[in-house]
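Chains, contacts and geometry: an overview
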Amino acid sequence: MNASTATSEGPLAKPESDAAVIAETMQGLGRAAKSAAKSLAQASTESKNSALQAAATAIREQRDQLLAANRADLEQATQRGISSSLRDRLVLNEQRIEAMARGIEEIIALADPIGSVIASWTRPNGLKIERVRVPLGVVGIIYESRPNVTADAGALCLKSGNAVILRGGSESSRSTAAIHACLVAGLRAAGLPEAAIQIVPTTDRAAVGYMLSSMTQYINVVVPRGGRSLVERVQAEARVPVIGHLDGNCHVYVDRDADVTMARDIVLNAKLRRTGVCGAAETVLFDRAGAAAAPVLKALLDAGCEVRGDETLQRLDPRIVPATEADWSTEYLDSIIAAKVVEGVDEAIAHIARYGSAHTESILTTNQATAERFLGGVDSAIVLHNASTQFADGGEFGMGAEIGISTDKFHARGPVGVEQLTSYKYVVRGSGQIRPV
């Protein structure tokens, strides 16, 4: 059973929970993906870009169908009592649909990483050695809520020469299927194998377990994108490498030398622009010697954000509620922020090291030396100076899109884009050399 059999009505609703049926379905996806990966590894940049452009065009032309599918998903999610943060991730509107299409076009504009020479050198014996980028092979991506991940992940994998098996959440099944149909239309138009981008055609959770544990002969790497429970399950059960992160417990440190107006504006944006994204700030730290705490916290409270502060900050405004120990390590994904006073940049770095999730942290200061101390001392995937943590995004980094932010140190870190979806091989050219005994 090929995933392309799914329609805009959603993937196959839920076949009988028969292990043999799940195994047959997933094995079919794996075989088709592995075959497609061989073709993609040799595909020209022109054919890949042609498929991507056709997919972007299809997304725009199928806007009404995408919106209708998403409305059905939202209705079902409302009946299930989905949280506000998950609902925000699930929503498609005209702006987000256009952003999907535009993101694919930005990926088209990127250099094709496949075949590029990362490094080259010549040995004293005359051997010429090159390190050359190659695709990973078959990527498995498991995600929740965000239907736009279907477009981003499909496009990034195609550009980097990888076949992909996508498993979206049941709450976004109709939206995922509708977007997938646009990607398949692009592949078909360019003459590339339709199995290059497949979706798991069932919402049965057993399919995820099979994908993680029984497809090592097909899948080379798995990328989870969702809540802690999903990522923990993937990391615990996967028998292939995993690229992912558990939490986005992001911090903003407001230094004593911060510009107060800039600090207010950045903290408001970092927390409230979109509270449900992994780059949203969850804790704000204030240097005791600074003057920004009162105006920044007032702005947050006036904007409707709940502030959970330490004893010092509670004295600044009666609306601030006491913070608990658990607040320092909590990813709220809501209009809530923890706030604490620290004794300078070194204590801020120590707090982040203890409670952070190694995702994204920002320092606000006009003191360049302090900024460099923070940027060098904080061991997170992304560190910023005088900028909002909400810039933690592959599109904002000029990578076209991303399939997630990795907090790992192996094999990728930070936004995972086309280059992060590659490996390399060594190409060695000789002229008759043999190795001495």
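Residues numbered from 1 in each chain as written. Predicted model: local features only at pLDDT ≥ 70, side-chain atom pairs only at ≥ 80, totals over all residues. Heavy atoms only, no water.

Examining the environment of Leu 272
For Leu 272, the location among the structural elements is in helix H10 (residues 260-272). Its relative accessible area of 23% is what places Leu 272 among the partly exposed residues. For the pair Leu 272 and Ala 151, spaced 121 residues apart in sequence, the C-alpha to C-alpha distance is 26 Å. Once you skip the residues sitting within four places of it in the chain, Leu 272 turns out to touch Leu 300, Ala 303, Cys 305 and Ser 335. (Helix = DSSP H or I, 4+ residues; strand = E, 2+ residues; numbered from the N terminus. Buried < 20%, exposed > 50% of the residue type's maximum accessible area, 1.4 Å probe, protein only. Contact = heavy atoms within 4.5 Å.)

Here's the deal with the side chain of Asp 287
Here Asp 287 lies in strand S8 (residues 281-287). Given a relative accessible area of 5%, Asp 287 falls into the buried group. Separated by 3.1 Å, the side chains of Asp 287 and Tyr 253 make a polar contact. Setting aside residues no more than four positions away along its own chain, Asp 287 makes contact with Tyr 253, Val 254, Asp 255, Arg 256, Val 342 and Gly 344. (Polar contact = N/O pair within 3.5 Å; in protein donor to acceptor, adjacent residues only side chain to side chain.)

Description of the packing of aromatic side chains
One pair of aromatic rings is described through two measures. These are the centre distance and the angle between the planes. Per the counting criterion, the structure on display carries three aromatic pairs. For the pair Tyr 253 and Phe 374, a centre-to-centre distance of 6.2 Å together with 15° between the ring planes defines the contact as stacked. Of this pair, Tyr 253 sits in strand S7 (residues 250-254) while Phe 374 sits in helix H14 (residues 368-377), placing them 121 residues apart in sequence. In this pair, the class of Tyr 253 matches that of Phe 374, namely buried. For the pair Tyr 424 and Tyr 426, a centre-to-centre distance of 5.8 Å together with 85° between the ring planes defines the contact as edge-to-face. Take Tyr 424: its relative accessible area is 44%, and that puts it in the partly exposed class. Judged by its relative accessible area of 45%, Tyr 426 is partly exposed. Linked through ring pairs, Trp 121, Tyr 424 and Tyr 426 together constitute an aromatic cluster. Here Arg 131 stacks its cationic end above the ring of Tyr 424, 5.6 Å away from the centre of that ring. The side chain of Lys 340 reaches across the aromatic face of Trp 328, ending 5.4 Å from its centre. (Phe/Tyr/Trp six-rings, centres within 6.5 Å; stacked < 30°, edge-to-face > 60°. Lys NZ or Arg CZ within 6 Å of the ring centre and 35° of its normal.)

A closer look at the pairing of S8
The buried fraction of S8 amounts to seven of the seven residues, a majority that puts the element mostly inside the structure. Relative to S8, S7 runs parallel, the two being bridged by five bridges. Looking across to S8, one finds that Val 254 is bridged to Phe 286. As for the winding sense of the linkage, the β-α-β connection from S7 through H10 to S8 is right-handed. Pairing between S8 and strand S11 (residues 336-342): five bridges, direction parallel. The residue of S11 that forms the bridge with Thr 283 is Ala 338. (Pairing = 2+ DSSP bridges. Right-handed = clockwise from strand over helix to strand, strands pointing away.)

Points about the sheet that holds strand S3 (residues 138-143)
With respect to topology, four strands assemble into an open sheet ordered S5-S4-S3-S6, the strand pairing being parallel. Pairing within the sheet leaves two strands with one partner each, and these edge strands are strand S5 (197-199) and strand S6 (221-225). In this sheet, adjacent strand axes meet at a mean angle of 20° when their direction is disregarded. Judged from the five bridges that link them, S3 and S6 form a sheet pairing that is parallel. Paired with Ile 142 across the two strands is Pro 224, which belongs to S6. Packing against the sheet, helix H9 (residues 228-237) makes contact with S3 and S6, and its axis sits at approximately 165° to S6. (Axes fitted to C-alpha atoms, helices over the stretch in contact; angles between N-to-C directions.)

What to know about the side chain of Arg 89
The topology assignment puts Arg 89 in helix H4 (residues 84-90). No salt bridge is formed by the buried Arg 89, whose closest oppositely charged neighbour, Glu 331, lies at an N-O distance of 5.2 Å. At 2.4 Å, the side chain of Arg 89 forms a polar contact with the backbone oxygen of Gly 276. Those residues within four positions of Arg 89 in sequence are excluded, and the remaining contacts are Arg 96, Ser 145, Arg 146, Pro 147, Arg 274, Gly 276, Val 277, Cys 278 and Leu 333. (Lys, Arg positive; Asp, Glu negative; His and termini not counted. Salt bridge = Lys/Arg side-chain N within 4 Å of Asp/Glu carboxyl O.)

Things to note about the pattern of salt bridges
Applying the stated criterion to the full structure yields 29 salt bridges. Here Arg 274 and Asp 88 are joined by a salt bridge, their closest N and O atoms 3.1 Å apart. Taken together, the positions of Arg 274 in the loop between H10 and S8 and Asp 88 in helix H4 put the pair 186 residues apart, joining distant regions of the chain. In this structure Arg 274 comes out as partly exposed when scored by relative accessible area, which is 22%. Among the salt bridges present, the one from Lys 298 reaches Asp 302, with a minimum N-O distance of 2.7 Å. With Lys 298 and Asp 302 both in helix H11 (residues 293-302) and four residues apart, this pair spans about one turn of that helix. Classification of Asp 302 as partly exposed rests on a relative accessible area of 45%.

Observations regarding the environment of Gly 103
Mapping Gly 103 onto the fold places it in helix H5 (residues 94-109). In the structure, Gly 103 is positioned 328 residues away from Ser 431 in sequence and 45 Å away in space, judged by C-alpha atoms.

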